[in-house]
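Secondary and tertiary structure notes
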Amino acid sequence: MENKFYTIAETDLRQFTEQVFLAIGCSAAHASLAADVLIQADLRGIDSHGTARLSGYVRLWQQGRLNPTPNITIVHETATTATVDGDKGLGLVVAPYAMEIAIAKATTYGSGWVAIRNSNHFGIAGYHALMAVKKDMIGYAMTNASPLVTPTYSKERMLGTNPICYAFPAGKHLPVVVDMATSAAANGKLEIAQRSGKPIPDGWVQTADGQPSVDPHELKQGGALLPLGGDKLHGSHKGFGLSATVDILSAVLSGANYGPWAPPFVAYLEPHPNPVGEGLGHFLGALRADGFRPIEEFKTHMDNWITRFKQATPIDREQPVVIPGEPEFIAEAQRKASGIPIIDRVWDDLKKLAQDLKINTL
């Protein structure tokens, strides 16, 4: 079946998204910030984490698992570190608040590190890491997530897709942004395949019995996502190790729920009845590049690094080497000019949201 796309101007989609957050009780400032995180995902071509997620946040609110008016507080602090309690707020709001703390500490002391508990899904990790880049700092952002990923050699869902992002400022070039899930694929990629009615590649998921599958609906049938690498032969133990690192820094360190206790974002899973912490956890950091060498020297050599890697001899001249973050910056420029494509099933979902929340439709 051919999918239909609607093209929406950024300003119109932003206004609608803000209306949704206002309708569930967010302040104007929080609605604007939350909308910005989602719109940036749509602009950068990360459609799985943009406005396609709106109904998910509304469901969390309807279930009483999301506080639209959180009192975000620092509960533990040293000169260069802090732990923040998000008060069940939108991760889209809590994470930027925490990154501002990390940046402030880095401005004074060279680096700042903030662990967050009692939060929710925080959107794309790149949004938060790039906040540091704007200050000529190296940004770090990671979060644990719904337990949908199995460890190597297991068939039990124990970890989230647990994304991790590193962002580096450059000079004449755009920043280098390494933003990736530590699973073979993000759950949002499965959702896109579901909407498209297409199978997924081998190595993304397994059945409840641990057998390979290409069914994008496999998770709803008790299956699991696989770690980055897919199986042991292809390095899944490395993906498992990266995911474990994110889980420990984001949740064990902060006091959030970790591993199989992490609260799910998806509607078809219930939170664990015996949590070991509070909400989801994130870990954010900002590191001053000029703490190691003068900033202009660093940015000049970042430009040189980017230029040389772009010149690497390609296998196929039609496909040059792509720098991490480059496709997203290209998509952002294109979509700002021509609008944001919304697949028909997401369009219908947004229209239903408008009807349910009694707000203006797109």
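The preceding data block contains the structure.
A brief look at the structure comes next. (Residues numbered from 1 in each chain as written. Predicted model: local features only at pLDDT ≥ 70, side-chain atom pairs only at ≥ 80, totals over all residues. Heavy atoms only, no water.)

Points about the overall build of the protein
To keep it simple, the criterion reads: Counting from the N terminus, the helices are DSSP H or I runs at least four residues long and the strands are E runs at least two residues long. We compute the radius of gyration from the C-alpha atoms alone; for a globule the expected value is 2.2 Å times N to the 0.38, where N is the number of residues. The classification of residues rests on relative accessible area computed with a 1.4 Å probe and restricted to protein chains. Under 20% of the type maximum is buried, over 50% is exposed, and intermediate values are partly exposed. By definition in these notes, contact holds between two residues if any of their heavy atoms fall within 4.5 Å. His is not counted here, nor are the chain ends, while Lys and Arg score as positive and Asp and Glu score as negative. To locate a charge, the coordinates of NZ of Lys, CZ of Arg, CG of Asp or CD of Glu are taken.
Of regular secondary structure, the protein possesses 10 helices and 12 strands. By the compact-globule yardstick of 21 Å for 362 residues, the protein fits well, its C-alpha radius of gyration being 20 Å. Each of the 362 residues in the protein was classed as buried or not, and the buried ones make up 53%. Across the protein, contacts joining residues at least 24 apart in sequence account for 67% of those joining residues at least 6 apart. Each charge class in the protein was averaged separately, 32 positive and 36 negative side chains, and the resulting centres sit 1 Å apart.

Quick word on the packing of aromatic side chains
How we decide: Two rings from Phe, Tyr or Trp (for Trp, the six-membered ring) form a pair when their centres sit within 6.5 Å of each other. Planes less than 30 degrees apart are called stacked, planes more than 60 degrees apart edge-to-face, and all others tilted.
Summed over all chains, the structure comprises 8 aromatic pairs. Ring geometry for Tyr258 versus Trp261: centroids 5.6 Å apart, planes at 75°, classification edge-to-face. Through a chain of ring-to-ring contacts, three or more aromatic side chains come together here, namely Trp113, Tyr140, Tyr166 and Phe283.

Some words on the sheet that holds strand E10 (residues 224-225)
Our working rule: Strand pairing is assigned whenever DSSP detects at least two bridges linking the two strands.
Ordered by their spatial adjacency, 3 strands build an open sheet running E9-E8-E10, and the pairing between neighbours is antiparallel. Both edges of this open sheet fall to strand E9 (212-213) and E10, since each of them pairs with a single strand only.

Examining helix H9 (residues 326-338)
At 3.6 residues per turn, the α-helix brings residues three or four places apart onto the same side. Note the threshold: Given a helix with a known number of residues, its expected span is that number minus one, times 1.5 Å. Regarding the arc, it is the one traced by the directions from the helix axis to the C-beta atoms.
Between its first and last C-alpha, H9 extends 19 Å over 13 residues, near the 18 Å set by a 1.5 Å rise per residue. Along H9, the residues that are buried comprise Phe329, Ala331, Glu332 and Arg335. For H9, the arc enclosing every buried residue in end-on projection is 160°, short of the 170-degree limit, so these residues lie on one face. Across from the buried face of H9, at angles greater than 90 degrees, the exposed residues are Ala337 and Ser338. For H9, the elements touching its buried residues are helix H2 (28-43), strand E7 (176-180) and strand E12 (340-343). Gly339 occupies a position one or two residues after H9 and carries a positive phi of about 105°.

A word on the sheet that holds E7
To keep it simple, the criterion reads: Whenever a helix is involved, its axis is fitted only over the stretch in contact; in every case the axis is a line through C-alpha atoms, and angles between N-to-C directions fall within 0 to 180 degrees.
As summarised here, the arrangement of the 7 strands in space is E2-E3-E4-E11-E5-E6-E7, forming an open sheet in which the pairing is mixed. A single partner strand is all that each edge strand has here, and the edge strands are strand E2 (73-77) and E7. Strand-to-strand, the axes of this sheet are offset by a mean angle of 15°, without reference to chain direction. Relative to strand E6 (residues 164-168), strand E5 (residues 137-143) runs antiparallel, the two being bridged by 4 bridges.

Quick look at the pattern of salt bridges
When their charged atoms lie close together, side chains carrying opposite charge are able to pair. What counts here: For this document, the term salt bridge refers to a Lys or Arg side-chain nitrogen within 4 Å of an Asp or Glu carboxyl oxygen.
The tally for this structure, following the rule as stated, stands at 15 salt bridges. With its nearest N and O atoms 2.8 Å apart, the salt bridge here joins Asp36 to Arg14. A residue pair is termed long-range when its members are at least 10 positions apart, and Asp36 in helix H2 and Arg14 in helix H1 (residues 10-23) qualify at 22 residues. Accessibility classification places Asp36 together with Arg14 in one group, the buried group. Residues joined by salt bridges that share partners form a network here, namely Glu10, Arg14, Asp36 and Lys336.

Topic: unusual backbone geometry
Of note in this structure, Tyr153 is not a glycine but carries a positive phi near 75°. Examined against the element boundaries, Tyr153 turns out to sit in the loop between E5 and E6. Accessibility expressed as a relative area gives 72% for Tyr153, which makes it exposed. Positioned with a positive phi, Lys358 is a non-glycine residue whose angle comes to about 60°.

Quick word on the layout of surface pockets
Quick note on the threshold: The distinction between a cavity and a pocket rests on a 1 Å grid over the protein atoms alone: a 1.4 Å probe fits inside a cavity but cannot get out, while a pocket stays open yet meets protein on both sides within 12 Å along at least five of seven lines, and a residue with an atom within 4 Å of a point counts as lining. Grid points are joined across faces, edges and corners, and a volume is the space filled by probe spheres set on the points. Note on residue categories: nonpolar means Ala, Val, Leu, Ile, Met, Phe, Trp, Tyr, Cys or Pro, charged means Asp, Glu, Lys or Arg, and polar means any other residue, Gly included.
Approximately 810 Å³ is the volume found for the largest pocket. In terms of lining residues, the largest pocket is bounded by 40 residues, among which Ile46, His49, Met180, Ala181 and Ala186 are the most central. Elements that contribute at least two residues to the lining of the largest pocket include exactly E7 and helix H6 (187-196). Residue classes in the lining of the largest pocket are distributed as 21 nonpolar, 13 polar and 6 charged.

Notes on the side chain of Thr143
Here is the rule: Polar contact is the term for a pair of N or O atoms within 3.5 Å; when the atoms are in protein, one must be able to donate a hydrogen and the other to accept it, and sequence-neighboring residues count only if both atoms are side-chain atoms.
Looking at the element boundaries, Thr143 is found in strand E5. Only 3.0 Å separates the side chain of Thr143 from the backbone oxygen of Gly281, close enough to count as a polar contact. At a separation of 2.8 Å, a polar atom in the side chain of Thr143 contacts the side chain of His282. Those residues in contact with Thr143, other than ones at most four positions away along the chain, are Phe122, Asn162, Pro163, Val246, Ser250, Gly281 and His282.

Considerations on the nonpolar core
Filter applied, for reference: Only buried residues count toward a nonpolar core, which is a set of Ala, Val, Leu, Ile, Met, Phe, Trp, Tyr and Cys residues joined through side-chain atoms within 4.5 Å.
In this structure, Phe21 and Leu90 are the most contacted members of the largest nonpolar core, which totals 64 residues. In this structure, Leu148, Val149, Val205 and Val266 belong to the second largest nonpolar core, which totals 13 residues.

A look at empty space enclosed by the protein
Following the criterion strictly, the structure yields 1 cavity of 30 Å³ or more and no others. Size it by volume and the largest cavity reaches roughly 50 Å³. Taken together, Leu60, Arg65, Ser119, Asn120, His121, Pro263, Pro264, Phe265 and Leu280 make up the lining of the largest cavity.

Section: the pairing of E5
Both faces of the sheet carry side chains from a regular strand, because those side chains alternate between them. For E5, the buried fraction is high: 7 of the 7 residues fall into the buried class. Burial of E5 is two-sided: the residues Met137, Gly139, Ala141 and Thr143 facing one way and the residues Ile138, Tyr140 and Met142 facing the other way are all buried. Sheet topology places E5 next to strand E11 (residues 280-288); 7 bridges connect them, and they run antiparallel. In the sheet register, Ile138 faces E11, and the bridge partner there is Leu287.

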